[in-house]
Each structure stands twice: as C-alpha cells, then as structure tokens.
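Fold and contact review
Chain by chain, the residues run as shown.
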Amino acid sequence: MINLSDLRRFKKEGRKFSCLTCYDASMAKAMETAQIDSVLIGDSLGMTIQGHDSTLPVTVRDIVYHTACVRRANQHAFLMADLPFMAYATTKDALKNAKKVMQAGAQMVKIEGGAWLSDTVASLTRNGIPVCMHLGLTPQSVHVLGGYKVQARTRQSADALLQECKMLVDAGAAILLLECVPAQVGKEVAQAFPEIPVIGIGAGADTDGQVLVVQDMLGLTDGHVAKFVYNFMSKQSGPYAILDAITTYHQAVIKNTFPALEQTFQIELK
Ligand code: KIV
C-alpha cells in the first residue's frame, strides 16, 4: 500500500503521481487494477453521489461510510478523506471527526482553508493524523468566494497564497492541494516546498500530483465541464472502457502529458 513516504519519494525522484476521487467499492477496485497512486474520498460526493448542488450538505457520517467502502476494495492507493463542511470548525471537532475518518481506513484527512487553521493542523498532526491542506478554490467556502472562480490571479494574491502555504507547512501540513489557480502558481508552490507533495486540480502541469473527480474524467458531467477536465472515456470502446480510461489517466499523469495546455489556466501574474 502506498504511504506518505512513497509520495514524498515520488516528488524527490520527479515521478508524478495520480489521484482520483472515489466513493464506492467497484470504482475502488478498478482504480486498484489501474494502479492509481492515491484516492480521495472527496466531499464532492455531495454532488456526484447525492445530487446536491454543493458540498455543504455532506456529513462526517457520509465520509466515514464511503471511506470504509473504498478501503475494503482497494489495498494499493494512498487513501485521503475530506473532513466536510463545519467538521473542523474547532480543534476539538477536528480531532473528534478526523478520528472517525481515520478509523474507517483513511491514511490522511484533507481540510480546506488557510493559515487560520494552523493550530488545527498542528493538533491533528501531533495526534498522529497527517493533514492535506486544500487551498486556492475551496468549494466549502463557495458562498464567501462568490462562485467557483480561478483564485490567486495577481502577483499579490499569489504571494499571499504562498505565505499561507508556508505557515501551514510550518504547522505540520504534509500535503498541499491547489484547486483552480494559474499554472505559474502551481509551479511556484511545488518548487517552494521540496519536501511536500503538491497535488493540483486546475493548477497546471508542474504540481507533483494530479487529481480529478472520477465522474468528470469519465464524461459523466451534467452540463458545465470545467476547463481543467479531460474526458478520458472519449477515446475508449469495448468491454473494459472504464478501466482503460482510468489506466490511460494514470499513464498520462505519470508521463506528464496531462494536464495539457488546454486544461491549464495560463494567466500572467501582474
Ligand atoms: O471533494 C473533492 O472532490 C475535492 C477535489 C476537487 C480535489 O476536494
């Protein structure tokens, strides 16, 4: 089973790693067969599984249930699970809820936010729970951000993001995940922290790992398709099309052919 040391080693060796969201046993087994490096029980399940229009209704109980489903069927991938909306509003809540998610089979929890969560990160880490910090576009704060928009578009806001990352890494964050930022920002963050694997979704080709929502990369999107998504099903046919699409995604990530320029926010920072 892949662990945090493996992801750190991949970064050191310049070997990119793949990550997909996963919520159920059948897909978890397909991802094991395809050798996906890491899976995320994301609170995106609020949309993809439950049909809500945001991640806000997802509960700790939902994440625990789906984490256990995935872990039973996949013994290969490094398994990260989201702490959902308001599950880490206090350090005490974070510890209580992270305990449940880790006991369901996660190897790491992911939380969204910035430097104001430094104490929470330190407390979780001290208690044996590694933390992935999700920055950039943070969907749990969609109402504060005013929509799903590219973040850190100016030099000033990119520097502020780098500073937040530094404070969180100093507090113990073991992985950073950047969503919807210019490719230049993804590159700068990955280079600024040689010991910390940086995962991107819409953060360009220079992060150490890539993640996509599995339904998006299988073309199961309803309406709007984000710029950073590529439909890996579009070139598949035959009885193993889903498995082939997932394998093709893994290969494209490790060969660094995904994301291509078309899936990247090329924004000059001014
Ligand atoms: O919940 C999720 O699927 C995520 C990804 C967008 C990274 O956090």
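Everything numeric here is computed off the predicted structure, so don't read it as measured data.

Let us look at the site of the ligand. Contacts to the ligand come from 13 residues, most closely from Gly-42, Asp-43, Ser-44, Asp-82 and Lys-110. At 3.1 Å from an oxygen atom of the ligand is found a side-chain nitrogen or oxygen belonging to Asp-82. Residue Lys-110 places a side-chain N or O atom 2.8 Å away from an oxygen atom belonging to the ligand. For the ligand, whose accessible area on its own is 260 Å², the fraction buried by protein is 95%. Of the residues in the shell around the ligand, the class split is five nonpolar, four polar and four charged.

Before going further, it helps to examine the packing of helix H8 (residues 155-171) against helix H9 (residues 183-192). Each pair of packed helices gets described by two things: the angle between the helix axes and the distance between those axes. Following both chains from N to C, one finds H8 and H9 inclined at 30°, their axes separated by 11 Å at the closest point. In terms of axis orientation, H8 runs roughly parallel to H9. Like other packed secondary-structure pairs, H8 and H9 cross with a definite hand, here right-handed. From H8, Arg-155, Ala-158, Leu-161, Leu-162 and Cys-165 reach across to H9, where they touch Val-185, Glu-188, Val-189 and Ala-192. When the residues that make up the contact of H8 with H9 are grouped by side-chain class, the tally is seven nonpolar, no polar and two charged.

Basis of the calculations
Residues numbered from 1 in each chain as written. Predicted model: local features only at pLDDT ≥ 70, side-chain atom pairs only at ≥ 80, totals over all residues. Heavy atoms only, no water. Near = heavy atom within 4 Å. Polar contact = N/O pair within 3.5 Å; in protein donor to acceptor, adjacent residues only side chain to side chain. Areas by Shrake-Rupley, 256 points an atom, 1.4 Å probe, with all protein chains shown as cover. Nonpolar A, V, L, I, M, F, W, Y, C, P; charged D, E, K, R; others polar. Axes fitted to C-alpha atoms, helices over the stretch in contact; angles between N-to-C directions. Helix = DSSP H or I, 4+ residues; strand = E, 2+ residues; numbered from the N terminus. Parallel < 35°, antiparallel > 145°, perpendicular 65-115°, else oblique. Left-handed = near helix turned anticlockwise from the far one by under 90°. Contact = heavy atoms within 4.5 Å.

Geometry only, nothing functional implied.
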